[in-house]
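Descriptive structure summary
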Amino acid sequence: MKLSVFVQQQGVECDFSSSDSWVILSPIEQSIKRKIEAVGTPLKDWDIQINYGIKTGYNDAFIIDTEKREAILANCQTEEERKRTAELIRPILRGRDIKRYGYEWADKYIIATFPSRHYDIEQYPAVKRHLLSFGKERLEQTGKTYTINGEKIKSRKKTNNKWFETQDSISYWEDFFKPKITWGNLNLKSTYSYVQKGMFINAPSPFVATSNIAILHILNSKLADYYVRSLGVTRNGGYFEYKPMFVEKLPIPQTGLDTLTSYPSNPSEAQEKEIDYIIYQLYQLSLQEIDYIENREI
């Protein structure tokens, strides 16, 4: 087929009259996009903040298992130190632990010495001994390279933080103590999960502090996944990076969500189908548009 004939048969009219970013879509895709954006308000305008999980700069030292946690607590010299230390060591989810509508906690904990909390490491001698077992040079946040016993040791990247602190400041640390929605950063499809308060999240997985189950269901819907993936590029193998810059643009209706909140945070397969069709109705999609979303190939 000649290129000119192909263009005539497959050509699509697009309006590039504004200065906004644009994307070439088929007529049905344009219709779906218009309906989603007409009904919803972008998630970023919902008075909530999407944050990344914690970046330690050296997970081997700061993320520990249950056995190591118990060993650190056993090394505390007083009950007061033990209590302080237990408060500092928090359960954490990694990206691999987060599933669609659920998670599998791997009994991992983080030593949450966030710079924004201004901890005095001398108040946590058992934690200090654990961290120093990895070598202070390795934990320093100077970006320097040291040679120790003939071995080159690379410190963490240069920051203004102290050697015993995590790499990120985490000024939003209070959000970890709230209910939240979190998701794996790189996935074949959306994997948003509701997580109870007190569970921390490891980078690069993002999260948003909210107990709004309706938002969880919309994020996990086929319609939302279609829209979010249209904002970026799918990698080889069908993988997509669900960055906050994409997710926060998803328009979500601010009315008519009561029905969604009646469903649990871990719905059955049959309930998921019901949720999808409720969401199609919220965005006023036609039967043809629903069929397009349901049967599209990623």
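Keep in mind it's a predicted model, so treat the numbers as computed, not measured.

Definitions and cut-offs
- Residues numbered from 1 in each chain as written.
- Predicted model: local features only at pLDDT ≥ 70, side-chain atom pairs only at ≥ 80, totals over all residues.
- Heavy atoms only, no water.
- Helix = DSSP H or I, 4+ residues; strand = E, 2+ residues; numbered from the N terminus.
- Buried < 20%, exposed > 50% of the residue type's maximum accessible area, 1.4 Å probe, protein only.
- Areas by Shrake-Rupley, 256 points an atom, 1.4 Å probe, with all protein chains shown as cover.
- Lys, Arg positive; Asp, Glu negative; His and termini not counted.
- Charge placed at Lys NZ, Arg CZ, Asp CG, Glu CD.
- Core = buried A, V, L, I, M, F, W, Y, C linked by side-chain atoms within 4.5 Å.
- Contact = heavy atoms within 4.5 Å.
- Pairing = 2+ DSSP bridges.
- Salt bridge = Lys/Arg side-chain N within 4 Å of Asp/Glu carboxyl O.
- Axes fitted to C-alpha atoms, helices over the stretch in contact; angles between N-to-C directions.
- Parallel < 35°, antiparallel > 145°, perpendicular 65-115°, else oblique.
- Nonpolar A, V, L, I, M, F, W, Y, C, P; charged D, E, K, R; others polar.
- Phe/Tyr/Trp six-rings, centres within 6.5 Å; stacked < 30°, edge-to-face > 60°.
- Lys NZ or Arg CZ within 6 Å of the ring centre and 35° of its normal.

The next thing to look at is the overall build of the chain. In terms of helices and strands, the chain carries 13 helices and 16 strands. The dimensions of the chain, computed from C-alpha atoms along their principal axes, are 75 × 50 × 30 Å. Out of the 298 residues in the chain, the part that is buried amounts to 44%. About 16300 Å² of surface is accessible on the chain, with carbon and sulfur atoms providing 47% of the total. Distance between charge centres in the chain, computed from 40 positive and 39 negative side chains, equals 6 Å.

Ile218, Leu223, Val247, Leu260 and Tyr283 are the most contacted members of the largest nonpolar core, which totals 41 residues. For this core, the secondary structure elements donating two or more residues are α2 (27–39), β10 (180–183), α8 (213–219), α9 (222–229), α10 (244–247), α12 (269–282) and α13 (287–295). With sequence-adjacent residues up to four places away left out, tyrosine 283 is seen in contact with Lys35, Ile36, Val39, Ile218, Leu223, Pro251, Ile252 and Pro253. By size, the runner-up hydrophobic cluster in this structure holds 19 residues, among which are Ala61, Leu88, Tyr124 and Val127.

The side chains of a regular strand alternate, residue by residue, between the two faces of the sheet. Most of strand β4 (residues 89–93) is tucked away, with four of its five residues classed as buried. Bridging between β4 and strand β7 (residues 108–111) involves three bridges; their strand directions are antiparallel. Opposite isoleucine 89, over in β7, you have isoleucine 111 as the bridge partner. Judged from the two bridges that link them, β4 and strand β13 (residues 200–201) form a sheet pairing that is parallel. Counterpart to leucine 93 in the pairing with β13 is isoleucine 201.

With that out of the way, let us pick up the pattern of salt bridges. Summed over the entire model, instances satisfying the criterion amount to twelve salt bridges. A salt bridge links glutamate 37 to lysine 33; the shortest N-O distance between them is 2.9 Å. With glutamate 37 and lysine 33 both in helix α2 and four residues apart, the pair spans about one turn of that helix. We classify glutamate 37 as partly exposed; its relative accessible area is 35%. The salt bridge partner of aspartate 225 is arginine 296, with a shortest N-O separation of 3.9 Å. A residue pair is termed long-range when its members are at least 10 positions apart, and aspartate 225 in helix α9 and arginine 296 in the segment after α13 qualify at 71 residues. Look at arginine 296 and you get partly exposed, because its relative accessible area is 22%.

Geometrically, a packed helix pair is captured by the angle between its two axes and the distance between the axes. It is the contact of α2 with α13, at a shortest axis distance of 10 Å, that shows an interaxial angle of 100 degrees. Comparing the axis directions of α2 and α13 gives the class roughly perpendicular. From α2, Ile28, Glu29, Ser31, Ile32 and Lys35 reach across to α13, where they touch Gln288, Glu289, Tyr292 and Ile293. Residues belonging to the contact of α2 with α13 are distributed by class as follows: four nonpolar, two polar and three charged.

In this section: the sheet that holds β13. Across the sheet, which stays open at both edges, the four strands sit in the order β3-β7-β4-β13 with mixed pairing between neighbours. Here the strands that pair on one side only, and so sit at the sheet edges, are β3 (63–65) and β13. Sheet strands in contact with helix α4 (residues 66–74) are β3, β4 and β7, and its direction is about 95 degrees off that of β3.

A few words on the sheet that holds strand β14 (residues 206–209). The pairing of strands in a sheet happens through backbone hydrogen bonds and is either parallel or antiparallel. Reading across from one edge, β2-β14-β10-β12 is the order of the four strands in this open sheet, with antiparallel pairing throughout. Each having just a single partner strand, β2 (50–52) and β12 (192–195) make up the two edges of the open sheet. The mean inter-strand angle of the sheet, taken between neighbouring strand axes irrespective of direction, is 30 degrees. Across three bridges, the pairing between β2 and β14 is antiparallel. When the bridges of β14 are listed, isoleucine 50 appears paired with valine 208.

This part is about the packing of aromatic side chains. For the structure shown, the criterion picks out 18 aromatic pairs. Their ring planes at 50 degrees and their centres at 5.1 Å tell us that tryptophan 183 and tyrosine 192 sit as a pair that is tilted. Residue tryptophan 183 is classed as buried on the basis of its relative accessible area, which comes to 1%. Overall, the relative accessible area of 1% leaves tyrosine 192 in the buried class. Taken together, the aromatic side chains of Phe114, Tyr172, Trp173, Phe176, Phe177, Phe200 and Phe207 make up a single cluster linked through ring pairs. A cation over a ring is seen here: arginine 69 above tyrosine 109, with NZ or CZ 4.9 Å from the ring centre. Seen from the ring of tyrosine 58, arginine 138 lies directly overhead, with NZ or CZ sitting 3.8 Å from the centre.

Of note, asparagine 149 is situated in the loop between β8 (145–148) and β9 (151–154). Overall, asparagine 149 belongs to the exposed group, its relative accessible area being 81%.

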